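Below are the chains, spelled out letter by letter.
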Amino acid sequence: MAEISVIIPVYNVEKYLRECIDSVCNQTFKDIEIICVDDGSDDSSLEILKEYEVKDKRFKIFENSHEGPSSARNTGLDNAEGKYIYFMDSDDFIEHDALEKLYNTAEKNDTDMVIFKLINLDDDTMERYPSTYYDMDYFIGIENRVFKYDDVLEYIYKIPVSLPGKFYKSELLSDIRFEMGIIFEDNPFFVESLFKSERIYFLNEYLYIRRVRPKSITTSNKNFADFITVSDMLIDISKRYGVYDKTKKYLFRKILNNMFLRFLQVEEENREYYFARMKENLLSKKDEYDNDKDFQQINERLREIYYKCLKSNTAKEFELYLELYDLQVKLDDTIELKNEINYQRHKLIHRSQELSSKLNKIANENRKLKEKLNR
């Protein structure tokens, strides 16, 4: 039995697949199994996988009939035999010693989950660049020690849900699977694994290179309404694990932030549908939210957008409300800045007058002293 099971869903990535697989095959840590699940590719991806399967006995190749990445990952989990589980995306790659570092960290600290940093790679320029989202600076100060989710309550819904940034003990995932047929499926999977983990460790290193390319599933937005389904799943998971009351104010913030962000990002032809789903969902929670003190303590903009959504009848009306609100905020900020500038200006004038008066006084005293000396 291998120590690490690396699970890679594959779909139409012939351009990137060899680089991804080579980065796994050439790891300094060798005791691994490489589970690749082809999801009905119609390019040469499956043929490439079979080439590697012939050359390397660590490969296990499975074929799905285009059921989506959730199903592919579930197939991988169902067939994994390793002590640890690591998920990759088939257009990305990892540093050559990543698995060795992750394995040693997990073994030394007896972790359920190791969280680490991802770095972005621009697919056009091939330049690497960090992001605050994946850097997780809020963990600085608790690296090099084991913690639980309730040690970092304020940040649990800020932690990147991206699967390649986690290294799991397989026992932790024995009864956790991906929801099929939706995008954003990594959100409930990660949140449930987080609440279930007793021992978490943050490794403050970039070990995974995340390719950013315009036409990937990650950057597609046609199914953004799935986040509304996912938001309810996040609520249900937190209630099931008995942590809803102490995490809900952070959960409200995540749900509303992401819900409204997706509205702005969704394509024009899907915007009315998305808006209708969003409004229906929020209306179903109105009584609860309106009477929840934690909800009332989220920032003013989120609450204002929430109420404007309930008030609007169409996506366009809601969009205009958002624009009007943001313009009013900018106007208020401008007025406040203008008032501050005027205040500072008056202070400077007053100070200038004080200094001028003192200079005149000194000049008079010097003149009198000179006259006295000339007598």
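Residues numbered from 1 in each chain as written. Predicted model: local features only at pLDDT ≥ 70, side-chain atom pairs only at ≥ 80, totals over all residues. Heavy atoms only, no water.

A. The arrangement of a negative patch on the surface in detail. Taken together, the side chains of E267, E268, E269 and E272 define an acidic patch exposed on the protein surface. As for its position among the elements, E268 is in helix α9 (residues 268–284). (Patch = residues over 30% accessible without salt bridge, like charges linked within 9 Å, V, L, I, M, F, W, Y side chains within 5 Å. Areas by Shrake-Rupley, 256 points an atom, 1.4 Å probe, with all protein chains shown as cover. Salt bridge = Lys/Arg side-chain N within 4 Å of Asp/Glu carboxyl O. Lys, Arg positive; Asp, Glu negative; His and termini not counted. Charge placed at Lys NZ, Arg CZ, Asp CG, Glu CD. Helix = DSSP H or I, 4+ residues; strand = E, 2+ residues; numbered from the N terminus.)

B. Examining the environment of N221 more closely. Position of N221 relative to the elements: it lies in the loop between β10 (200–212) and α7 (226–240). The class of N221 is buried, set by a relative accessible area of 13%. Along the chain, N221 and L261 lie 40 residues apart, while their C-alpha atoms are 11 Å from each other. With near-sequence residues (within four places) excluded, N221 lies in contact with Q265, V266 and E267. (Buried < 20%, exposed > 50% of the residue type's maximum accessible area, 1.4 Å probe, protein only. Contact = heavy atoms within 4.5 Å.)

C. Structural view of the packing of α7 against helix α8 (residues 244–265). Between α7 and α8, the shortest axis-to-axis distance is 10 Å and the interhelical angle comes to 175 degrees. By the angle between their directions, the pair α7 and α8 is classed as roughly antiparallel. Residues F227, I228, S231, L234, I235, S238 and K239 of α7 form the contact with α8, whose own contacting residues are Y244, T247, L251, K254, I255, N258, M259 and R262. Taken together, the residues that form the contact of α7 with α8 break down as 8 nonpolar, 4 polar and 3 charged. (Axes fitted to C-alpha atoms, helices over the stretch in contact; angles between N-to-C directions. Parallel < 35°, antiparallel > 145°, perpendicular 65-115°, else oblique. Nonpolar A, V, L, I, M, F, W, Y, C, P; charged D, E, K, R; others polar.)

D. Local environment of the packing of aromatic side chains. Evaluation of the coordinates by the stated rule reveals 29 aromatic pairs. On the basis of an interplanar angle of 90 degrees and a centroid distance of 5.8 Å, the ring pair of F184 and F227 is categorised as edge-to-face. Linking F184 in the loop between β9 (166–169) and α6 (186–196) with F227 in helix α7, this pair joins segments that are 43 residues apart in sequence. With a centroid separation of 5.9 Å and 50 degrees between ring planes, the pair formed by F260 and F318 is classed as tilted. Here F260 is found in helix α8, whereas its partner F318 is found in helix α13 (residues 315–373), with 58 residues between them in sequence. Each member of the pair, F260 as well as F318, is classed as buried. (Phe/Tyr/Trp six-rings, centres within 6.5 Å; stacked < 30°, edge-to-face > 60°.)

E. Fine view of the pairing of strand β2 (residues 32–38). Buried residues dominate β2, accounting for 7 of its 7 residues. Here β2 shows a buried face lined by I32, I34, C36 and D38 and a second buried face lined by E33, I35 and V37. Pairing of strand β1 (residues 4–10) with β2 involves 7 bridges; the strand directions are parallel. Opposite V6, over in β2, you have I34 as the bridge partner. (Pairing = 2+ DSSP bridges.)

F. The nonpolar core, seen in detail. With 70 residues, the main nonpolar core has F87, F260, M278 and L282 as its most contacted residues. The greatest single-element share of this core, amounting to 9 residues, is contributed by α8. Apart from the residues within four sequence positions on either side, F260 is in contact with M278, L282, L302, I305, Y306, C309 and F318. Grouped together as the second largest cluster of nonpolar side chains are 37 residues, L17, I34, C36 and L102 included. (Core = buried A, V, L, I, M, F, W, Y, C linked by side-chain atoms within 4.5 Å.)

G. How the structure looks around the pairing of strand β6 (residues 113–122). Burial of β6 is extensive: 9 of the 10 residues sit out of reach of the surface. Of the strand pairs in this sheet, β6 and β9 are connected by 3 bridges, and their pairing is antiparallel. Of the residues in β9, the one forming a bridge with I115 is K166. Pairing of β6 with β10 involves 10 bridges; the strand directions are parallel. Among the inter-strand pairings, I115 is bridged to a residue of β10, identified as F202. Pairing of β6 with strand β7 (residues 128–129), which is carried by 2 bridges, proceeds in the antiparallel orientation. When the sheet's bridge partners are listed, L121 is paired in β7 with R128. Taking the residues that link successive antiparallel strands as the turn, the β6-β7 hairpin has 5 residues, and the phi of M126 there is positive, at about 65 degrees.

H. How the structure looks around the pattern of salt bridges. This structure, assessed with the given rule, holds 27 salt bridges. For D110, the salt bridge identified is with K169, shortest N-O distance 2.9 Å. In this pair, D110 is assigned in the loop between α4 (98–109) and β6 and K169 in strand β9, connecting sequence segments 59 residues apart. In this structure D110 comes out as partly exposed when scored by relative accessible area, which is 43%. As a salt-bridge pair, D294 and K248 come within 3.7 Å of each other at their nearest N and O atoms. Pair noted here: D294 is in helix α11 (residues 293–296) and K248 is in helix α8, with a separation of 46 residues, a long-range link. Its relative accessible area of 13% is what places K248 among the buried residues.

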